[in-house]
Amino acid sequence: RPRAAERKILDAWHRSLVVLHRAHWEAASYFEDRNFWLGLAAAVVSAVAGTTVFATLEGSPSVLVRGLVGAFSIIAAMLSAIQAFLRSSEVAARHKAAGVKFGQLRREIEQTQLVGLPTGATEKEAALKDFRDRWDEAESSVAPVPGAIFKRVSRNVAKYEGERQDSPPPGEAASGPATAKRS
């Protein structure tokens, strides 16, 4: 089992990896949603513009109707262009890949927290360097998480960690008024 100093660094790394893992998955979801809603809006506006064009073929459309058709066509083109420019589906895929990488690293830290680091100083240093190198490589190859998502996930993880530290481990009785009443 890890000693106190090792435990402290492993806990800090674990917390960071939990945040990165969850933040990238939430970012992937955000960008998938953005892609969906932009695509849906573009499709609806295009359908309205197309329907209006066919409806005006029967007669001489008024200036208002021609203006609306033109406006809907321009809006549809703009939404499609924005969707293509933002490449939200590609960004979502990159965040999913990052979530997978950070999830693998997180699980490795959890395993290390359970079984401990190698006992020899040289082996321990090599294991930590290898882990840091893989973490650095993962961070250098991913898209940044939007700040609002990162902050929200960080707060949620900190809140969860605080609640977890306040509750007794499984199998241990809680101390306090509730225990006294049962006695």
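Structural notes, computed from the coordinates. (Residues numbered from 1 in each chain as written. Predicted model: local features only at pLDDT ≥ 70, side-chain atom pairs only at ≥ 80, totals over all residues. Heavy atoms only, no water.)

Looking at the overall build of the protein
Item 1. Within the protein, the regular secondary structure consists of 6 helices and 0 strands.
Item 2. N-terminal to C-terminal, the α/β element order of the protein is α-α-α-α-α-α.
Item 3. Taking all 183 residues of the protein together, 27% fall into the buried category.
Item 4. Relative to all contacts within the protein whose residues are 6 or more apart in sequence, the contacts with residues 24 or more apart total 88%.
Item 5. Accessible surface, the protein: about 12000 Å² in total, of which carbon and sulfur atoms supply 61%. (Helix = DSSP H or I, 4+ residues; strand = E, 2+ residues; numbered from the N terminus. Buried < 20%, exposed > 50% of the residue type's maximum accessible area, 1.4 Å probe, protein only. Contact = heavy atoms within 4.5 Å. Areas by Shrake-Rupley, 256 points an atom, 1.4 Å probe, with all protein chains shown as cover.)

As for helix α4 (residues 121–140)
Because each turn of an α-helix spans 3.6 residues, side chains separated by three or four positions in sequence point in the same direction.
Item 1. Here α4 is 20 residues long and its end C-alpha atoms lie 28 Å apart, about the 28 Å a rise of 1.5 Å per residue gives.
Item 2. Listed as buried for α4 are Lys124, Leu128, Phe131, Trp135 and Ala138. One side of α4 holds all its buried residues, which, seen down the axis, span an arc of 85°. The outward face of α4, more than 90 degrees from its buried face, is lined by the exposed residues Thr122, Glu125 and Ser140. (Expected span 1.5 Å × (residues − 1). Arc of directions from axis to C-beta.)

Focus: helix α3 (residues 88–115)
Item 1. Between its first and last C-alpha atoms α3 spans 40 Å; for 28 residues at 1.5 Å apiece the expected length is 40 Å, and the two agree.
Item 2. Of the residues one or two after α3, Gly116 is the one with positive phi, at around 95°.

Topic: the packing of α3 against α4
The description of two packed helices rests on the angle between their axes and on the distance between the axes.
Item 1. Close contact between α3 and α4 brings their axes to 10 Å; oriented N to C, the two are set at 160°. The orientation of α3 relative to α4 falls into the category roughly antiparallel. Viewed along their axes, α3 and α4 form a crossing whose handedness is left-handed. On the side of α3, the interface is formed by Lys101, Phe102, Leu105, Glu108 and Ile109, while α4 contributes Phe131, Arg134, Trp135, Glu137, Ala138 and Glu139.
Item 2. Tallied by class, the residues present in the contact of α3 with α4 amount to 6 nonpolar, no polar and 5 charged. (Axes fitted to C-alpha atoms, helices over the stretch in contact; angles between N-to-C directions. Parallel < 35°, antiparallel > 145°, perpendicular 65-115°, else oblique. Left-handed = near helix turned anticlockwise from the far one by under 90°. Nonpolar A, V, L, I, M, F, W, Y, C, P; charged D, E, K, R; others polar.)

Let's talk about unusual backbone geometry
Item 1. The residue Arg87 is not glycine, and still its phi comes out positive at about 50°.
Item 2. One can find Arg87 in the loop between α2 (63–86) and α3.
Item 3. For Arg87, a relative accessible area of 40% puts it in the partly exposed group.

Examining the packing of aromatic side chains
Item 1. Using the criterion set out here, one finds 5 aromatic pairs in the structure.
Item 2. Look at Trp13 and Trp135: their rings are 5.9 Å apart centre to centre, the planes differ by 90°, and that puts the pair in the edge-to-face class. Placement of Trp13 in helix α1 (residues 4–56) and of Trp135 in helix α4 is noted, with a sequence separation of 122 residues between them. Trp135 matches Trp13 in its accessibility class, with the two residues each being buried.
Item 3. Aromatic pair Tyr30 and Phe31: ring centres 5.0 Å apart, planes at 75°, arrangement edge-to-face.
Item 4. Judged by its relative accessible area of 9%, Phe31 falls in the buried class. (Phe/Tyr/Trp six-rings, centres within 6.5 Å; stacked < 30°, edge-to-face > 60°.)

So, the environment of Ala138
Item 1. Inspection of the secondary structure assignment puts Ala138 in helix α4.
Item 2. Sequence spacing of Ala138 and Leu105 is 33 residues, and the spatial spacing of their C-alpha atoms is 9.3 Å.
Item 3. Not counting residues up to four positions away in its chain, the partners in contact with Ala138 are Lys101, Phe102 and Leu105.

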